[in-house]
Amino acid sequence: MASQMRVTIAGGGIGGLTLAIMLDAANIDYIILERSSSLKTLGSTIALNACALRLLEQLGLWNDIQKIAKPIAGFNIQHDDLSPIGKIDFSFGEKHYGYYAYVMARPALFELLKSRIPANKIKLRKQVVDLVESDTGVTCICEDGSQYKSDILVGADGAYSGVRESIYRCLKQQNKLPANDQEPMKLTHLSILGVSKALDPAIVPVTEDKHSWFQLMLFRNTRFSIWLAPIDGNRISWCYGGEIEPNPCTSLTTGVSGFWEWGPNKAHTMLDNIRHLPTTFGCTVGDIIGSTPKELISSVVLEEKFFETWHTKRVVLLGDACHKVLPFAGQGAIQAMLDGQCLVDLLHGLNENPTTADFENAFKTYHCERSGTARKAVIGSRLFGYFIDSKGAVAQWVRKITLNWMPQWCVKSITNWVMCHRPQLSFLPAIEDRGLYKAWR
């Protein structure tokens, strides 16, 4: 085992923190370089399924996750006037895969993961702007001029990865960057989201239910929707958003600044247009939004892209930095965690003095093992988005057939396609596969 190895992780998000916990379990030294001034996360909720939960149980996090999360029973889908469209029942999850899917406040999961990382392992205000690779290691050059040298660098710094930009710039100069990777990401969706404070169960009794039934409200004439999800602490997570019109100018380079010029005032105007809508929870959408602290409301742009190039000789990408998934099926964080599991297993298997060739071969294996599943997640999330957002008679007919007449065995077959990969770290005691449908790994 390469116990003398040192890893630099660029990015202190959920993927980077989970990777750090796994490296610690493998007795591999690491440091986290986070570009922001504080280690925190935006967003409302996050959903994790058995693919990630079995791994997190192996890391000793399962009991704490159950304290901050609710099991997901399924989705109730209706129009914005509450006329029913259908439902998706996922209540078989625990019996079939060993775990329900769980929904939790994203900050709560983030704080749980952060609590497992020693404070001296995290360096704030360290945005990686360049890097230098050699046969003895890789040096990260940060915006403030500081430098950090390690054996390898993991770019877990999100969709707008500075690490990816650095290695792609070098590869492009060498004419080694595929054409697909040279194309900018397109901004495809926007969302306004938040988490309410605790609501009165006498008024909103669904908040006390053991299981969470998501409510999806689809608009008849626009590709926007409202998602409502009861979570722990008698709170409701909400999201209002949808697909934006294609615009060749809205890309990685111009999209973010353009969106923020669109800004919070426009976001509040959009929310004002939906406050009057009723919900099946016994309150209006406005009641939920109005009970949300302003600091817990976020406006975000969403992108989708699968990158072909994941590594160089001593630099490797992870999570959104190499496969940006739309959030419809909750796959972003899950795929980042599975990336980390695969990568740490490979690093743990190296000898005590790995060479550049050893790292490069490990990264090639990592890409080979993970790219297929990650690509499947990107495609699956896109298809679920089409299923929810598409308009017209054909789309309505497809939703009606799928949500009302599809037999449960068919639903299970589709979820089996997603849930077949539930890996664990090979060097830790294994967690029993408790589900009827056994993981292939």
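Residues numbered from 1 in each chain as written. Predicted model: local features only at pLDDT ≥ 70, side-chain atom pairs only at ≥ 80, totals over all residues. Heavy atoms only, no water.

(A) Highlighting the sheet that holds strand E8 (residues 128-134). Ordered by their spatial adjacency, 3 strands build an open sheet running E8-E9-E10, and the pairing between neighbours is antiparallel. Two strands close off the open sheet at either side, each with one partner strand: E8 and strand E10 (147-150). The average angle at which neighbouring strand axes cross in this sheet is 20 degrees, direction not considered. Inspection of the sheet shows E8 paired to strand E9 (residues 137-142) by 6 bridges, in the antiparallel sense. Considered in E9, the bridge of Leu-131 is made with Cys-140. (Pairing = 2+ DSSP bridges. Helix = DSSP H or I, 4+ residues; strand = E, 2+ residues; numbered from the N terminus. Axes fitted to C-alpha atoms, helices over the stretch in contact; angles between N-to-C directions.)

(B) Geometry of the pairing of strand E1 (residues 6-10). With 4 of 5 residues buried, E1 lies mostly within the body of the structure. Note: E1 against strand E2 (residues 29-33), 5 bridges, orientation parallel. Bridge pairing links Ala-10 to Leu-33 in E2. This β-α-β element, E1 to helix H1 (residues 14-25) to E2, shows right-handed connectivity. Strand direction decides the pairing type here: E1 and strand E11 (residues 152-155), joined by 4 bridges, are parallel. Looking across to E11, one finds that Ala-10 is bridged to Gly-155. (Buried < 20%, exposed > 50% of the residue type's maximum accessible area, 1.4 Å probe, protein only. Right-handed = clockwise from strand over helix to strand, strands pointing away.)

(C) Focus on the pattern of salt bridges. Summed over the entire model, instances satisfying the criterion amount to 17 salt bridges. Of the charged contacts, one joins Lys-121 and Asp-29 as a salt bridge, the two residues approaching to 2.4 Å between their closest N and O atoms. Within this pair, whereas Lys-121 is found in the loop between helix H5 (106-114) and strand E7 (122-123), its partner Asp-29 is found in strand E2, the two being separated by 92 residues in sequence. A residue is classified by how much of its surface remains accessible, and Asp-29, at 27% relative accessible area, is partly exposed. One salt bridge in this structure joins Lys-324 and Glu-303, with 3.8 Å as the shortest N-O distance. Here the residue Lys-324 occupies a position in strand E19 (residues 323-324), and Glu-303 occupies one in strand E16 (residues 298-303), the gap between them amounting to 21 residues. Accessibility classification places Lys-324 together with Glu-303 in one group, the buried group. One continuous salt-bridge network, built from bridges that share partners, spans Arg-6, Asp-29 and Lys-121. (Salt bridge = Lys/Arg side-chain N within 4 Å of Asp/Glu carboxyl O.)

(D) Up close: the side chain of Ser-44. In this structure, Ser-44 sits in the loop between E2 and strand E3 (45-48). By relative accessible area, Ser-44 is classed as buried at 7%. In this structure the side chain of Ser-44 is engaged in a polar contact, spanning 3.4 Å, whose partner is the side chain of Ser-237. The residues touching Ser-44, leaving out its near neighbours within four places in the chain, are Met-104, Ala-105, Arg-106, Pro-107, Leu-193, Gly-194, Val-195, Ser-237 and Trp-238. (Polar contact = N/O pair within 3.5 Å; in protein donor to acceptor, adjacent residues only side chain to side chain. Contact = heavy atoms within 4.5 Å.)

(E) Expanded view of the state of the cysteines. According to the stated counting rule, one finds 0 disulfides in the structure shown. Sulfur of Cys-140: no disulfide; nearest cysteine sulfur belongs to Cys-142 and is 6.4 Å away. The class for Cys-140 is buried, based on a relative accessible area of 0%. This cysteine, Cys-322, is not joined by any disulfide, and Cys-342 carries the nearest cysteine sulfur, 11 Å off. (Disulfide = S-S within 2.5 Å.)

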